[in-house]
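A closer look at the structure
The lines below spell out each chain.
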Amino acid sequence: DTEVTQTPKHLVMGMTNKKSLKCEQHMGHRAMYWYKQKAKKPPELMFVYSYEKLSINESVPSRFSPECPNSSLLNLHLHALQPEDSALYLCASSEGQGTYTFGSGTRLTVV
Amino acid sequence: RKEVEQDPGPFNVPEGATVAFNCTYSNSASQSFFWYRQDCRKEPKLLMSVYSSGNEDGRFTAQLNRASQYISLLIRDSKLSDSATYLCVVNTGNTPLVFGKGTRLSVIA
């Protein structure tokens with residue numbers, strides 16, 4: 001299995017909702033990442049997990065809360081988001097400093 | 001100076017043309033280099049790694065000049081399906097990959 005699977009593919013949520021994005025990989029990769037990508041911009045790093053521990057938080061607002069339940073799963077919990085948080089949220093994994101494999105992303109719209 | 005700089009384009013080229021993209025990086029300690037391709041509304045996918053000796057994969061050739069901190073991607077005999085954004089990506093060792101802003105390519109029939 002050489003894929004990173006993200007669910008859901010699309011999500012529309014209100015500003016008072018709580019939702020979660022899920023990411024799964026079975027490649028044995030020890031590093032997992034959340035990126036946010038706005039239209040016509042490069043991916044912007046949000047969080048890095050290394051060996052299931054949060055190693056980097058790029059000053060992301062607390063309304064985004066990551067969680068790594070085990071080495072294959074990565075969640076991003078969303079609460080009280082703003083319309084400007086609408087974007088494509090990408091999960092990626094890598095083995096060490098090697099190439100990243102990206103999931104197909106969750107397209108999030110906050111209304 | 002941004003860590004990884006690319007010409008954003010867009011590059012509009014006819015089918016069959018040869019097109020070259022350039023990228024510069026600022027951190028001389030950078031260790032590995034990649035080109036990723038991203039189609040509209042899709043995720044980035046690895047196109048090829050870039051090695052000091054240069055490497056070729058079919059119609060695609062990547063070059064690295066460490067002295068000038070410069071990376072290039074050459075696409076020969078462009079196809080319509082090559083239309084995408086090409087991201088120059090750099091690994092500085094202990095930090096996550098650093099992405100350039102991407103170069104948009106449109107291949108026109």
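Keep in mind that what you see is a predicted model, and the values were worked out from it rather than measured.

Space inside the largest pocket adds up to approximately 670 Å³. Looking at the largest pocket, it is lined by 25 residues, and the ones nearest its centre are Ala39(A), Lys40(A), Lys41(A), Thr85(B) and Arg104(B). Those elements that place two or more of their residues in the lining of the largest pocket are β9 (87-94) of chain A together with β9 (84-91) and β11 (103-108) of chain B. In the lining of the largest pocket, the residues fall into nine nonpolar, seven polar and nine charged. Taken together, 18 residues make up the lining of the second largest pocket; nearest its centre are Pro42(A), Pro43(A), Glu44(A), Val98(B) and Phe99(B).

A separate point is the nonpolar core. Residues and elements named next belong to chain B. Ranked by internal contacts, the top residues of the largest apolar core, which has 24 residues, are Phe21, Trp35, Ile71, Leu73, Ile75, Tyr86 and Leu105. Counting residues per element, the ones that place at least two in this core are β3 (19-25), β4 (32-38), β5 (44-50), β7 (60-65), β8 (70-75), β9 and β11. Dropping the residues within four chain positions of it, Leu105 is found in contact with Phe11, Val13, Val19, Phe21, Ile75, Asp82, Ser83, Ala84 and Tyr86.

Contact with chain B, which involves 21 residues of that partner, is made by 18 residues of chain A. At the boundary of chain B with chain A, total buried surface from both sides reaches about 1,500 Å², with 59% on carbon and sulfur atoms. Summed over the three residues of chain B that lose the most area to chain A, namely Glu43(B), Pro96(B) and Phe99(B), the buried surface amounts to 33% of that side. For the pair chain B and chain A, the number of links is zero salt bridges. Between the two partners, chain B and chain A, sit three residue pairs in polar contact (both at pLDDT 80 or more). Those elements that provide at least two residues to the side of chain B that touches chain A are β4, β5 and β9 of chain B. The element contributing the most residues to the side of chain B that touches chain A is β4(B), with four residues. For the side of chain B that touches chain A, the per-class residue count stands at eight nonpolar, eight polar and five charged.

This next bit is on the packing of aromatic side chains. Under the counting rule described, the total for this entry stands at 13 aromatic pairs over all chains. Measuring from centroid to centroid gives 6.4 Å for Phe34(B) and Tyr36(B), while their planes differ by 75°, and the two rings are edge-to-face. With respect to burial, Phe34(B) and Tyr36(B) carry one shared label: buried. Members of the aromatic cluster, joined through ring pairs, are Tyr33(A), Tyr35(A), Tyr100(A), Phe102(A), Phe34(B), Tyr36(B) and Phe99(B).

Let us look at the side chain of Thr106(A). All names here are of chain A. Structurally, Thr106 is set in strand β11 (residues 106-110). Accessibility expressed as a relative area gives 0% for Thr106, which makes it buried. Polar side-chain contacts of Thr106 include one of 2.5 Å to the backbone oxygen of Pro8. Ignoring anything within four residues of it in the chain, the contact list for Thr106 reads Gln6, Thr7, Pro8, Lys9, Leu11, Leu21, Ala87, Leu88 and Tyr89.

Turning to the environment of Glu52(A), a few remarks are in order. All names here are of chain A. Locating Glu52 in the fold gives a position in the loop between β5 (44-50) and β6 (53-57). Taking the C-alpha atoms as reference, Glu52 lies 26 Å from Ala80; in sequence the two are 28 residues apart. The residues touching Glu52, leaving out its near neighbours within four places in the chain, are Arg30, Cys68, Asn70 and Ser71.

Conventions adopted
Residues numbered from 1 in each chain as written. Chains lettered and ligands numbered in written order. Predicted model: local features only at pLDDT ≥ 70, side-chain atom pairs only at ≥ 80, totals over all residues. Heavy atoms only, no water. 1 Å grid on protein atoms, 1.4 Å probe; cavity = no way out; pocket = protein on both sides within 12 Å on 5 of 7 lines; lining within 4 Å. Points joined across faces, edges and corners; volume = space filled by probe spheres on them. Helix = DSSP H or I, 4+ residues; strand = E, 2+ residues; numbered from the N terminus. Nonpolar A, V, L, I, M, F, W, Y, C, P; charged D, E, K, R; others polar. Core = buried A, V, L, I, M, F, W, Y, C linked by side-chain atoms within 4.5 Å. Buried < 20%, exposed > 50% of the residue type's maximum accessible area, 1.4 Å probe, protein only. Contact = heavy atoms within 4.5 Å. Buried area = accessible area lost by both parts, 1.4 Å probe. Salt bridge = Lys/Arg side-chain N within 4 Å of Asp/Glu carboxyl O. Polar contact = N/O pair within 3.5 Å; in protein donor to acceptor, adjacent residues only side chain to side chain. Phe/Tyr/Trp six-rings, centres within 6.5 Å; stacked < 30°, edge-to-face > 60°.

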